[in-house]
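Chain and residue survey
Residue-level listing of the chains:
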Amino acid sequence: MTNIACGIDIGGSGIKGALVDLTSGEFIGERVRIETPHPATPEAVAKTCVEVLSQLQAPADVPVGIAMPAPLPQGIVPFMANLDASWEGVHAQSMYESFLGHPVTVLNDADAAGLAEAVFGAAQGQDGLVIVTTLGTGIGSALIYRGVLIPNSELGHLEIGGYDAESRASAAQRVKQDLGWKKWAKRLQKYYSHVEMLFSPDLFVVGGGVSKNSDKFLPLLSLRTPIIPAQLRNRAGIVGAAVAADRANQ
């Protein structure tokens, strides 16, 4: 039987899920997307996840990984930006398991994307330290060392030049401030040079929707570290969550 897990990616506008073939990283059947409830309280989000599993016809014993827009030390939400504030202090793993009736693993959404790239994407087979960044509304980050995820990094919040890095260099800020690719690349140069100085990684992988235009800004950066676009695009959160669920239940 094919090795299967379910991945669910919780976003501010949509909750997306799919069954994932863990030998290939491909979806089994169609992806399901349901609008994120408002207010996006823990109970409302959990009930939406139940509906996602129902539509996917997930087998009763399949493990479920859930990627969320928050760090999750010990499975607990310390703060929440994109969902309801009532998430703060919630033990997300226990809460989801009580609603879903499946073994659940929770992780940060950027960590999920990074894990997916390490197992099936641009960082596959890398032995050293890979830093995956997602350029979107903010800057998400994932640290992968020899294929192992080091969770809950928040490198988008590094202070650079007196500013929170993502307030200057995220993809959303490029659009909001109407920056051309060259001007934005100068901000990215400061950001990646700083991260490079702190961590001396072996590889940067750049994800987020803007990565489809990577040819317009990555060649403008001058770094010692190779920097390449992510491969899994909008599948990464679901696939990485499924990988995390499978690893937690082996």
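Calculation rules
- Residues numbered from 1 in each chain as written.
- Predicted model: local features only at pLDDT ≥ 70, side-chain atom pairs only at ≥ 80, totals over all residues.
- Heavy atoms only, no water.
- UniProt positions renumbered as here; feature names shortened; annotations may be inferred.
- Helix = DSSP H or I, 4+ residues; strand = E, 2+ residues; numbered from the N terminus.
- Buried < 20%, exposed > 50% of the residue type's maximum accessible area, 1.4 Å probe, protein only.
- Polar contact = N/O pair within 3.5 Å; in protein donor to acceptor, adjacent residues only side chain to side chain.
- Contact = heavy atoms within 4.5 Å.
- Phe/Tyr/Trp six-rings, centres within 6.5 Å; stacked < 30°, edge-to-face > 60°.
- Lys NZ or Arg CZ within 6 Å of the ring centre and 35° of its normal.
- Pairing = 2+ DSSP bridges.
- Right-handed = clockwise from strand over helix to strand, strands pointing away.
- Axes fitted to C-alpha atoms, helices over the stretch in contact; angles between N-to-C directions.

The chain goes by ROK family protein in an unreviewed UniProt entry, where it is assigned to Scrofimicrobium appendicitidis. Quoted straight from UniProt, the Sequence similarities (unreviewed entry) entry for the chain says "Belongs to the ROK (NagC/XylR) family."

Concerning the side chain of His102
The topology assignment puts His102 in the loop between α2 (92–100) and β5 (104–108). With a relative accessible area of 10%, His102 lands in the buried category. Here Val62 takes part through its backbone oxygen, which lies 2.8 Å from a polar atom of the side chain of His102. Each residue touching His102, except ones within four places of it in the same chain, is listed here: Leu53, Ala58, Pro59, Ala60, Val62, Val64 and Glu97.

What about the packing of aromatic side chains?
The final tally for this structure, using the stated rule, is six aromatic pairs. An aromatic cluster is present here, built from Trp181, Trp184 and Phe217 joined pairwise through their rings. A cation sits over an aromatic face here: Arg168 above Tyr163, 4.7 Å from the ring centre. Positioned above the aromatic ring of Trp181, the side-chain terminus of Arg174 is 4.0 Å from the ring centre.

Overview of the pairing of strand β4 (residues 64–68)
For β4, the buried fraction is high: five of the five residues fall into the buried class. The alternating pattern of β4 places Val64, Ile66 and Met68 on one face and Gly65 and Ala67 on the opposite face, and all of these are buried. Pairing of strand β1 (residues 4–10) with β4 involves four bridges; the strand directions are parallel. Bridge pairing links Ile8 to Ile66 in β4. In this sheet, β5 lies alongside β4 in parallel orientation, the contact comprising five bridges. Its bridge partner being in β5, Gly65 is matched across the sheet by Thr105. Viewed along the sheet, the connection from β4 through α2 into β5 turns out right-handed.

Quick word on the sheet that holds strand β8 (residues 148–150)
With mixed pairing, the five strands of this open sheet are ordered in space as β8-β7-β6-β11-β12. Each edge of the sheet is formed by a strand with only one pairing partner; in this case those strands are β8 and β12 (227–229). Averaged over all neighbouring strand pairs, the angle between strand axes comes to 30°, with direction disregarded. Across five bridges, strand β6 (residues 129–135) lies against strand β11 (residues 203–207) in parallel orientation. Pairing of Val132 across the sheet is with Val205, part of β11. Sheet contacts for helix α3 (residues 109–120): β6, β7 (139–145), β8 and β11; angle to β7, the most-contacted strand, approximately 45°. Contacts from helix α6 (residues 181–199) reach β6, β7, β11 and β12, with the element oriented near 150° to β6.

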